Amino acid sequence: LFLLLRRMTGGTWRSGFVAALFALHPLHVESVAWISERKDLLSTCFGLLALWAYVRYAEAQSLKSKVQSPKPAASTSQHATRNTHYASRFTFHASRYYLLSLLFFALGLMSKPMVVTLPCVMLLLDFWPLERLQLKTPDSRLKTWFPLLREKLPFLALSLASCAVTVWAQHQGGALATIEKVPLSCRLANAVSSYIGYLTNAVWPVRLAVFYPFPPNLTLSGQMLGLGFLVAATVLAIALARRAPYLLTGWLWFIGTLVPVIGLVQVGSQAMADRYSYLPLVGVFIAVVWGVTELTSRWRHQRLALGFGGGAVLIACLACTRLQIRYWQNSIALFSHAIEMTSNNALAEQNLAYALSLKGNQPEALRHFDAALRIS
C-alpha cells in the first residue's frame, strides 16, 4: 500500500502514514487474526498489486501520448522515426503492465470476491492522483471518458463473472437471505446503519465484536440522520472535486468498495463485520491524511505538529489493537467479549456455550444455551 500510494502521489510521508494506519488500526484485527480470513489478506494483496500494475500501465500510456504528440522539432523523418520507436516501446510496456494488472485482479477475485469493485477504484484513480480524467471542458470529458471506460471492460467482465459465481454458490449453500426473510427496507436501513457504524468504529474503535446481530426494530425512517450525513458528505466531496480531488477519490473508494458487503444482497445473518472494512477504510485514510495536510499547509510548525499528532494517533491505534488481539486467543474470550459489546447476540451466546461445554463447564454452558434460545 505504501509503495502504491508513493508511486501515484509522490507523497512519501503521507503515503507512509496511510500505510501505518492500515497496518495498526484495530478494525483490521479480525482480518489478520482469524485464520479463515486469510482469503481477505490474499485478496487485498492481489488487489493492491493489480492497482500498482495499473498505475504503471497508466504511466506508460501517458509517456506514449507525449511522444506521439506533434512537435515542431519532429517534422523531419529522423525525428518521426525516433518517435515511432519510442511509441512502440511504450506500447509494449503498457500492454505488459495491463495484462499483469488483469492477472493480479483475477487472482484477487479467486482469493475472495471482495475486490469486484476494483475497476471503479481504477476510474477514481484516473481522476486523482493519475489525472487521466480531465474535467475542464465538456469536450475533454468525452475524449477521456470513453477510452478509460473501454480499457476497464475486461476487468468488469471478470467482476460480473465473479459476482454470478458467488451469488450462485451462496444460494446453493443456503447463506443467501430471501427478500421475505430480510425485506428491502430493512436491507436499506441496515446499509445506512453499517456505513455509519464503520465510520464510527474507524474513529472510535472501542466496541468491536466478532459478530454484530441485526439491531432490533431497524427501519429506514429511523436512519434518516445517518442517510442525511452520507448524502451531505458525498455532495461536499463532489463540490470540492476540483480544489480537493483526494476527498472525492477517498470518499467514493470507501462508499464503493463496501457496496458488495453492505447488505443489499444479504449473505449470512450479520448486520456488518469488521473484516469487510479491511480494504474500504484505505479510502477514508487517504481523504483524512491528505485533507489534514492541506488544511495545515499554512501552519508555521506544520511538520512538528503533524509529527506529534500523527505519532499520538498511531500509538493509540497500537494500544487498541494489542487489546483487541487478546480477545482472539480463544473462543471463550472472543465470544464473551462479543456478548459484552453487543445485545441480543444469539450466535455469540451459542458459540460461547459450545466452547464452555468443550471445557467441561456444563452449568455455565447451559446458561448461555438458554440465552441463545431465548433471543432466537
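It should be noted that the structure appears before, not after, this text.
Here goes a summary of the coordinates provided. (Residues numbered from 1 in each chain as written. Predicted model: local features only at pLDDT ≥ 70, side-chain atom pairs only at ≥ 80, totals over all residues. Heavy atoms only, no water.)

1. Brief notes about the overall build of the protein chain
- Of the regular secondary structure elements, the protein chain holds 16 helices and zero strands.
- Here the protein chain holds 376 residues, and 45% of them are scored as buried.
- For the protein chain, contacts bridging at least 24 residues in sequence account for 75% of all contacts bridging at least 6. (Helix = DSSP H or I, 4+ residues; strand = E, 2+ residues; numbered from the N terminus. Buried < 20%, exposed > 50% of the residue type's maximum accessible area, 1.4 Å probe, protein only. Contact = heavy atoms within 4.5 Å.)

2. Here we look at the pattern of salt bridges
- All told, the structure shown has twelve salt bridges when counted by the stated rule.
- In this structure, the salt-bridge partner of K112 is D40, at a minimum N-O distance of 3.8 Å. Of this pair, K112 sits in the loop between helix 5 (77-111) and helix 6 (118-127) while D40 sits in helix 4 (residues 38-68); the two residues are 72 residues apart in sequence, bridging distant segments of the chain. Summarising the burial analysis for this pair, K112 and D40 share the class buried.
- Each member of the salt-bridge network shares a partner with another, and the members are E30, E37, D40, K112 and R275. (Salt bridge = Lys/Arg side-chain N within 4 Å of Asp/Glu carboxyl O.)

3. A word on the packing of aromatic side chains
- Throughout the structure, instances matching the rule amount to twelve aromatic pairs.
- With a centroid separation of 6.0 Å and an interplanar angle of 40°, the aromatic rings of W34 and W328 are classed as tilted. Highlighted residues: W34 in the loop between helix 3 (29-33) and helix 4 and W328 in the loop between helix 13 (302-326) and helix 14 (331-341), separated in sequence by 294 residues.
- Residue W328 is classed as buried on the basis of its relative accessible area, which comes to 17%.
- Among the aromatic residues, those joined into a ring-pair cluster are Y54, Y57, Y98, F105 and F155. (Phe/Tyr/Trp six-rings, centres within 6.5 Å; stacked < 30°, edge-to-face > 60°.)

4. What about the packing of helix 2 (residues 12-24) against helix 13?
- At a minimum axis distance of 9 Å, the contact between helix 2 and helix 13 shows a crossing angle of 15°. Accordingly, the angle class assigned to the pair helix 2 and helix 13 is roughly parallel. Considering only the axes of helix 2 and helix 13, their crossing is left-handed. Listed contacts from helix 13 to W13, F17, A20, L21 and L24 of helix 2 are R303, G310, V313, L314, C317, L318 and T321.
- Broken down by class, the residue content of the contact of helix 2 with helix 13 amounts to nine nonpolar, two polar and one charged. (Axes fitted to C-alpha atoms, helices over the stretch in contact; angles between N-to-C directions. Parallel < 35°, antiparallel > 145°, perpendicular 65-115°, else oblique. Left-handed = near helix turned anticlockwise from the far one by under 90°. Nonpolar A, V, L, I, M, F, W, Y, C, P; charged D, E, K, R; others polar.)

5. Focus: the side chain of R132
- Along the chain, R132 turns up in the loop between helix 6 and helix 7 (138-151).
- Reaching out from R132, the side chain makes a polar contact with the side chain of Y54 at a distance of 2.7 Å.
- One polar contact links R132 to E151, side chain to side chain, over a distance of 2.7 Å.
- When sequence neighbours within four positions are dropped, the list of residues in contact with R132 reads Y54, Y57, A58, Q61, D126, T144, L148, E151 and K152. (Polar contact = N/O pair within 3.5 Å; in protein donor to acceptor, adjacent residues only side chain to side chain.)

6. A look at a nonpolar patch on the surface
- Taken together, the side chains of V167, I179, L184, L188, V259, L264 and V265 define a hydrophobic patch exposed on the protein surface, amounting to about 560 Å² of accessible area.
- Of note, L188 is situated in helix 9 (residues 184-203).
- Taking the relative accessible area as the measure of exposure, L188 reaches 34% and is therefore partly exposed. (Patch = residues over 30% accessible without salt bridge, like charges linked within 9 Å, V, L, I, M, F, W, Y side chains within 5 Å. Areas by Shrake-Rupley, 256 points an atom, 1.4 Å probe, with all protein chains shown as cover.)

7. Quick word on unusual backbone geometry
- In this structure, P129 follows W128 across a cis peptide bond, with omega equal to 10°.
- Structurally, P129 is set in the loop between helix 6 and helix 7.
- Positive phi, normally seen in glycine, also occurs at N217, with a value near 55°.
- Following the sequence through the fold, N217 ends up in the loop between helix 9 and helix 10 (224-239).
- Even without being glycine, N344 reaches a positive phi, approximately 55°.
- If you trace the backbone, N344 turns up in the loop between helix 14 and helix 15 (346-358).

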